[in-house]
Every structure is written in C-alpha cells, then in structure tokens.
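Structure at a glance
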Amino acid sequence: RVIGHSGDGEGSHAEMRLLPDEGIGLFTALNSDGSVQGMMPAAFTLRADLFEQFMDRYFPAPAAAQEPTVSTAKEHARLAAGEYVWSRRQTGDFQEALFLVTRFVGLELTIRANADGTIQTSPLLSFDKNGRSQTWREVGPFVWRQVGGDAHLVMNVRDGDVQSVVSDGAASVWVNLRVPFLWSAGLNVPLLLLATGALLLTVLLWPVAAIVRHRYGRTLQLAGPEGRAYRLTRIAAVVGVLYMLGWTIALVADFASTVGSAPWIRAIQLIGLLCIGGAGLAVWNVWLTWRGGRSGWAKAWSLVLALSLLYLVWFSFAFHLISLRIG
C-alpha cells in the first residue's frame, strides 16, 4: 500500500511516497527539468524510475498472474473510445483554447477500441516514458491490464458512460477526463480552420472581385441596405482574420509564458469583441441576400460567412479566448 503526492514547477520537481504499513517513506527533490528522454523530461523519468527500482529492490512483488480477458471487453472498449484531456491543465482563460489546438496537432490524448476487444492508448494518456502507444485488455469491470506489462488502467463510470481514466503507471495527479464530442479538439479545431479559411477567402476575393469589375467596366449592382450589408460584412471578415492572426502570433510567440504580454492579449480580445457585431451584420446580410434577387452563389456564401463568424464568436467564449481572466 503506497500513498503519496508529487509537485512540479518550472525547473523544480518533488515527490513523496509513503509505505504506511512498513513505516518507510521516500522523498525525492530535483532542481532542474533535465533533458527530454523519449517523451518526458529527465526529472519525471528519474523520479519514477527511482521509486520503481527502490520497490523492486526492497519490496519485490511476485509475478502477477495473467488474468483472463472478461466477456465485456468489446462493449467496454467501445464505451471507453474517444478523446480525453488532463485534469491538470489551464482552464478559464485563453490557454484553454491553445491547449485544445495543441491536443489536435500533436498532444494526442485518445483511447481507440480494437476489433479484438483490446484498447489502445496514446503515449501521453498513459504516460509511457518511451513515447509509444500501449495496448490493454480488460481483466475486470472497466479495469484494463497492459498487454506485455503489469500496469493497469482504471475507469470511473457513471450512468454507463466513462467519465475518467487513471493509470497506476503514472502519477496519481494525472487523471484523464473524457471529453464530449461537441467539445473535442477533433471536431472544433477543423471547424475553426474551416471558419477562418472562409473568412480569409472572403477577404482575398473582395479586392479581386472589385478589380475584375473595374477591368470589364462593371459596377456592383447593390445599393441601399444590401450594398451596406455587403461591404460591412466584408469588413467583419477582415476583423475576423485579424483576430485569428493575433491568436496565431500569441501561440507561436508563447504569450502564455511571456512577461508583459497581457496588453497584447487584451488587444486581441478587443478585436474579438468586434467580431460579435460582425456576426450580427453577417446575419443581417443573409436576410437581405435571401429575400432579394441575388444569385444562388451569393446566397450560399452569405450563409457560409455568417456561420463562420457566429462559430468564431461561439468558440471564443466556449474555450475562453475571450475572458476576464489572464493566467
């Protein structure tokens, strides 16, 4: 029986493990991250390896019996499959959205169901120090044993749905929480890219269309409210592109760890607030376009533009690109 707690900061790591029945404890403190070995910085792997080898030396356990795979494996594998997120993460500010993007582009946290009833976890979900995916088979109700190893995954299930997953091969503070599909990176990052792409295409085609009309001596056959809605919606698209460009710079420049970046973040968020008005203008433009005699292409693109701006606004508040708190 082992109880303990770990703590981490930049360049500072510690862990205490207690064996209360034996009256023995092990405390480890490290004053640097160390180089990355495989997937994790050396401080993490050293801390884990030291405790594992301490236990193997002084409290060796007999080889665990290979339990049979239970009959519910395929059904429970299907219930467990999906996207997860660490419980230990930044929430409530713009870093929540940035973490969503990083989960999509490389920081994968998923469980996949295999045809034989086993499940496969991404390296960061089970914290495999060698950076490899792991395969697990179910040996008890929502208890999975590593194929070719001794580690276990235990799933917390509520009302028939998997809520979270923990591994006895990782630090106890790392709990993997199930992400509903509507809030997943797999859905929202592609939608965000599509919305941004539609806005960017609108911005690029706006002057191109004007140049083509000038070249052939034509004028934009829109006047009154329709003309104003058309122009204002294009301006809204420009604002949306600037907004996404600002967050792209914030991600690349690592504003989350940069001292003095708060004014720049607030400026980007201010641009985002303008997108709310832009979404309203785009909806107005849809109404005018569809009740008028515009072409089918004009009607379809007015709808695409409105949906893109509306989604951009929803994403900004749902994942806290716009929030009162920074950090």
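Everything discussed here concerns the structure shown above.
Computed from a predicted structure; not experimentally measured. (Residues numbered from 1 in each chain as written. Predicted model: local features only at pLDDT ≥ 70, side-chain atom pairs only at ≥ 80, totals over all residues. Heavy atoms only, no water.)

Some points on the sheet that holds strand S10 (residues 143-146)
Reading around the circumference, S6-S7-S8-S9-S10-S11-S12-S13 is the order of the eight strands in this closed barrel, with antiparallel pairing throughout. For this sheet, the mean angle separating the axes of adjacent strands, direction not counted, is 30°. Sheet topology places strand S6 (residues 82-86) next to strand S7 (residues 110-113); two bridges connect them, and they run antiparallel. Within S7, the residue paired with Gly82 across the bridge is Ile111. (Pairing = 2+ DSSP bridges. Helix = DSSP H or I, 4+ residues; strand = E, 2+ residues; numbered from the N terminus. Axes fitted to C-alpha atoms, helices over the stretch in contact; angles between N-to-C directions.)

A closer look at the packing of aromatic side chains
Enumeration over the complete set of coordinates arrives at eleven aromatic pairs. Between Phe54 and Tyr58, the ring centres sit 5.3 Å apart and the planes meet at 50°, which makes this aromatic pair tilted. Taken together, the positions of Phe54 and Tyr58, both in helix H1 (residues 42-58) and four residues apart, correspond to about one turn of that helix. With 6.0 Å between their ring centres and 90° between their planes, Trp314 and Phe319 make a pair best called edge-to-face. Accessibility expressed as a relative area gives 4% for Phe319, which makes it buried. Linked through ring pairs, Trp183, Tyr311, Trp314, Phe315 and Phe319 together constitute an aromatic cluster. In this arrangement the basic side chain of Arg17 is found over the ring face of Phe51, its NZ or CZ atom lying 4.4 Å from the centre. The aromatic ring of Trp290 is capped on one face by Lys299, whose charged end is 5.9 Å from the ring centroid. (Phe/Tyr/Trp six-rings, centres within 6.5 Å; stacked < 30°, edge-to-face > 60°. Buried < 20%, exposed > 50% of the residue type's maximum accessible area, 1.4 Å probe, protein only. Lys NZ or Arg CZ within 6 Å of the ring centre and 35° of its normal.)

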